[in-house]
Amino acid sequence: MIVRFHIDPDGQDRYDYRVTYEGEALYADAGLHSIEACIVAATEGLGQDAVAAEVAYKGVISGTYALASLALASAQIADHALQTTTAIEEVCG
């Protein structure tokens, strides 16, 4: 299965995430210190059925990543999510 990581800032330099599958919430956490920390925590909570995850920051999906990529390149994936969302927000105003 491919899950989705929904990551959002909480307004106080912290981040929240929730993991969903086909729109159904599986688990969540709040108050993490970075987007990368959310990706790491969300990945660690996945069961064996998951093979990949879509990463969405502030509602913008930046990509779909295999679990191995999420574990090995979480910093780069977090940067990509932030850059993708920032670029879209700049275009949309």
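Here, every reference points to the structure presented above.
This is a predicted model, so every value here is computed, not measured.

Cut-offs used in this document
Every chain is numbered on its own, with residues counted from 1 as its sequence reads. Owing to the predicted nature of the model, reporting of local features is limited to residues with pLDDT of at least 70; listing and counting of side-chain atom pairs is limited to 80 or more, with chain, interface and lining totals taken over all residues. Side-chain numbers come from the whole structure's heavy atoms, not from hydrogens or water. Every helix listed is a DSSP run of H or I at least four residues long, and every strand listed is a run of E at least two residues long, numbered separately from the N terminus. Using C-alpha atoms as the atom set, the radius of gyration is obtained and then compared with a globule rule of 2.2 Å times the number of residues to the power 0.38. Buried, partly exposed and exposed residues are distinguished by accessible area as a fraction of the type maximum, computed with a 1.4 Å probe on protein chains only: under 20%, between the cut-offs, and over 50%, respectively. Any two residues whose heavy atoms approach within 4.5 Å are treated as being in contact. All accessible areas in this document rest on Shrake-Rupley with a 1.4 Å probe, and a residue is counted as covered only by the protein chains that are shown. In this tally, Asp and Glu contribute negative charge and Lys and Arg positive charge; neither His nor the terminal groups of the chain are included. Taken as the charge centre is NZ of Lys, CZ of Arg, CG of Asp or CD of Glu, depending on the residue. Take the number of residues in a helix, subtract one, and multiply by 1.5 Å to get its expected span. The directions from the helix axis to the C-beta atoms are what the arc is built from. A 3.5 Å cut-off defines polar contacts: any pair of N or O atoms within that distance qualifies, except that in protein one atom must be a possible hydrogen donor and the other a possible acceptor, and neighbouring residues in sequence count only when both atoms are side-chain atoms. Salt bridge, as applied in this entry: a Lys or Arg side-chain nitrogen positioned within 4 Å of an Asp or Glu carboxyl oxygen.

On a plain count of helices and strands, the protein chain comes out with 3 helices and 5 strands. Shown N-terminal to C-terminal, the secondary structure of the protein chain runs as helices and strands in the order β-β-β-α-β-β-α-α. Taken over C-alpha atoms, the radius of gyration comes to 12 Å for the protein chain, in line with the 12 Å a tight globule of 93 residues would show. Seen through its C-alpha atoms, the protein chain measures out along the principal axes to roughly 40 × 25 × 25 Å. Per-residue burial over the protein chain gives 39% buried out of 93 residues. Within the protein chain, contacts between residues separated by at least 24 positions form 41% of all contacts whose residues are at least 6 apart in sequence. In the form shown here, the protein chain has an accessible surface area of approximately 5300 Å², with 50% of it arising from carbon and sulfur atoms. The average position of the 4 basic charges and that of the 14 acidic charges among the side chains of the protein chain differ by 5 Å.

In this section: helix 3 (residues 74-92). Over its 19 residues, helix 3 runs 27 Å from end to end, which matches the ideal 27 Å to within 8%, given 1.5 Å per residue. The complete set of buried residues in helix 3 reads Ser 74, Ile 77, Ala 78, Ala 81, Thr 84 and Thr 85. Seen from one end, helix 3 has its buried residues packed into an arc of 130°, which puts them on one side. For helix 3, exposure combined with an orientation more than 90 degrees from the buried face picks out Gln 76, Gln 83, Glu 90 and Val 91.

Quick look at helix 1 (residues 35-44) now. The element helix 1 is largely enclosed, with a buried count of 7 among its 10 residues. Check the buried side of helix 1 and you find it contacts strand 1 (2-9), strand 2 (15-21), strand 3 (24-32), strand 4 (52-57), helix 2 (67-72) and helix 3. Sitting at the amino-terminal end of helix 1 is Ser 34, which places a side-chain oxygen 3.4 Å from the backbone nitrogen of Glu 36.

The next point concerns the pattern of salt bridges. Evaluated as defined, the whole model comprises 2 salt bridges. A salt bridge links Arg 4 to Glu 54; the nearest nitrogen and oxygen atoms lie 2.6 Å apart. Remark: Glu 54 occurs in strand 4 and Arg 4 occurs in strand 1; sequence separation between them is 50 residues. Across the salt bridge formed by Lys 58 and Glu 89, the nearest N and O atoms sit 2.8 Å from each other. Of this pair, Lys 58 sits in the loop between strand 4 and strand 5 (60-66) while Glu 89 sits in helix 3; the two residues are 31 residues apart in sequence, bridging distant segments of the chain. What makes Glu 89 partly exposed here is its relative accessible area of 36%.

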